[in-house]
Amino acid sequence: MPRCVQLAAEEPGGLLNARQQIDHFLCQALRGEPEPWSALDSVVGSEQVLSRCRQQGVASLVHHSVKGHPVGQSWPQDFRKSLEVISKAQVAQEMLRGHRLCKLLRRFAELDVRCLVIKGEALAQTLYPVPGTRTRCDSDLFIDMADIDKVSQAIDDCGFVIGYPLYKSHQFTVRGKGPDAGSFEFDVHWRILNAPRFSRKITFDEAFDHSVELTGMEPARTLNAVDTLLLMCMHRSGSEWHDVNRLIWIYDLHQLVNGMATGELLEFARKAVGLDVQWACREGLLKAQSLFTTVVPADVLVVLDTPERQPGFARRLKDSNLGLLMD
């Protein structure tokens, strides 16, 4: 679970309604249709909105979405200034993390380690004009399990360290040493996700065979659009600790779906059914549709409406935490 993601605390009804108001307000801004500040109840203060921006991972995106819009410019000055400060800090962090990541990826290439950049890092580079606006706590890398020894060597060669202990996980975390210890983290995965029910749905070899160059970070590679969308939907539903309605994850879905052709979306839907993850994919697309009016072809939703298969004992074991520990 990303260290910066926490479940929202249980709130009384009044506060819950305020949170829903704020989320609607933020979604309108992200759609490029910001509402005047008066659309919020008078009891909702700028600190509450800012806190929600941070929690939902959209502070920098909201800043960039409204900074040239006359309605956005009418928002409280202290709020707009806070968004700007957050955005500048994220861009600076992006430069630092990007430098360290490219160093590690170059060493991987020298050691013939195949690697895919996935999740937030890849989305930032492919879906967003300014990568630093896409909030992320770390960069995720997907490797072949057979290359773990060479990966460990590359990490050591670059002056980084592997965080311990490992427990019920298909990944390890890479950090800097000394003064760099808390400035960046890379999560190195040897399965696509940690959640047992999704961890084997996309194998490394399959993902790499269909991968594409990661523009701006060549020769690094990432998942193609179909596999990226599958991963996003599975990741969103993959843990009871995730806030499945976190706005940045829904906005990622919106951005990716809007850039895909109908044929790609149908391929995605058929592959989701083949992997028996259609429920997670359909729910994710419907959520993007409701929050951001994402255009999802009706044929795609029809395919995703295919009933799930009933799992046998072997699959239930493989998809359990016991299976994860055995693996």
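This one's a predicted model, so the numbers in the text were calculated from it and none came from an experiment. (Residues numbered from 1 in each chain as written. Predicted model: local features only at pLDDT ≥ 70, side-chain atom pairs only at ≥ 80, totals over all residues. Heavy atoms only, no water.)

> Go over the overall build of the protein chain, please, and point to the residues and values.
Summing up its helical and strand segments, the protein chain has 15 helices and seven strands in all. Counting across all 327 residues of the protein chain, residues that qualify as buried make up 50%. Total accessible area on the protein chain is roughly 15200 Å²; 54% of this is exposed by carbon and sulfur atoms. (Helix = DSSP H or I, 4+ residues; strand = E, 2+ residues; numbered from the N terminus. Buried < 20%, exposed > 50% of the residue type's maximum accessible area, 1.4 Å probe, protein only. Areas by Shrake-Rupley, 256 points an atom, 1.4 Å probe, with all protein chains shown as cover.)

> Go over the confidence of the model for the protein chain with me, naming the residues and quoting the values.
A residue-level look at the protein chain finds 88% of positions with pLDDT of 70 or above and a mean pLDDT of 88. Scored below 50 in pLDDT, residues 1-13 shows 23 contacts in the model against residues more than four places distant or in partner chains. (pLDDT = per-residue confidence, 0-100. Contact = heavy atoms within 4.5 Å.)

> Requested: an account of the pattern of salt bridges, with residues and values cited.
Per the counting criterion, the structure on display carries 20 salt bridges. Of the charged contacts in the structure, one is a salt bridge between Glu 33 and Arg 31, with a shortest N-O distance of 3.4 Å. Counted as one network, the salt bridges with shared partners bring together Glu 94, Arg 97, Glu 121 and Arg 136. (Salt bridge = Lys/Arg side-chain N within 4 Å of Asp/Glu carboxyl O.)

> Residue-level account of the environment of Gly 284, with values.
In this structure, Gly 284 sits in helix α12 (residues 278-292). When the C-alpha atoms of Gly 284 and His 254 are compared, they prove to be 9.5 Å apart, with 30 residues separating the residues in sequence. Those residues in contact with Gly 284 that sit more than four places away from it in its chain are Arg 236 and Leu 253.

> Before we move on, can you summarise helix α2 (residues 46-56) with the specific residues and values?
Those residues of α2 lying buried are Ser 46, Val 49, Leu 50, Arg 52, Cys 53 and Gln 56. Along the axis of α2, the buried residues cluster in a sector spanning 160°; they form a single face. Away from its buried face by more than 90 degrees, α2 exposes Glu 47 and Arg 54. Remark: Gly 57 follows α2 within two positions and exhibits a positive phi of approximately 75°. (Arc of directions from axis to C-beta.)

> An account of a nonpolar patch on the surface is needed here, citing residue identities and associated values.
A cluster of nonpolar side chains, contributed by Val 91, Met 95 and Val 130, occupies part of the molecular surface with about 250 Å² of accessible area. By relative accessible area, which is 30% here, Val 91 ends up partly exposed. (Patch = residues over 30% accessible without salt bridge, like charges linked within 9 Å, V, L, I, M, F, W, Y side chains within 5 Å.)

> With reference to specific residues and values, describe the packing of helix α11 (residues 262-275) against α12.
Contact geometry of α11 with α12 gives a least axis separation of 8 Å together with a crossing angle of 140°. Contacts from Phe 268, Ala 272 and Val 273 of α11 reach α12 at Gln 278, Cys 281 and Leu 285. Its residues assigned to classes, the contact of α11 with α12 comprises five nonpolar, one polar and no charged. (Axes fitted to C-alpha atoms, helices over the stretch in contact; angles between N-to-C directions. Nonpolar A, V, L, I, M, F, W, Y, C, P; charged D, E, K, R; others polar.)

> Requested: an account of unusual backbone geometry, with residues and values cited.
At Lys 119, a residue that is not glycine, the phi angle is positive and equals roughly 60°. Checked against the element boundaries, Lys 119 lands in helix α6 (residues 119-127). A positive phi angle is found at Thr 293, which is not glycine, with a value near 50°. Mapped onto the elements, Thr 293 comes out in the loop between α12 and α13 (298-304).

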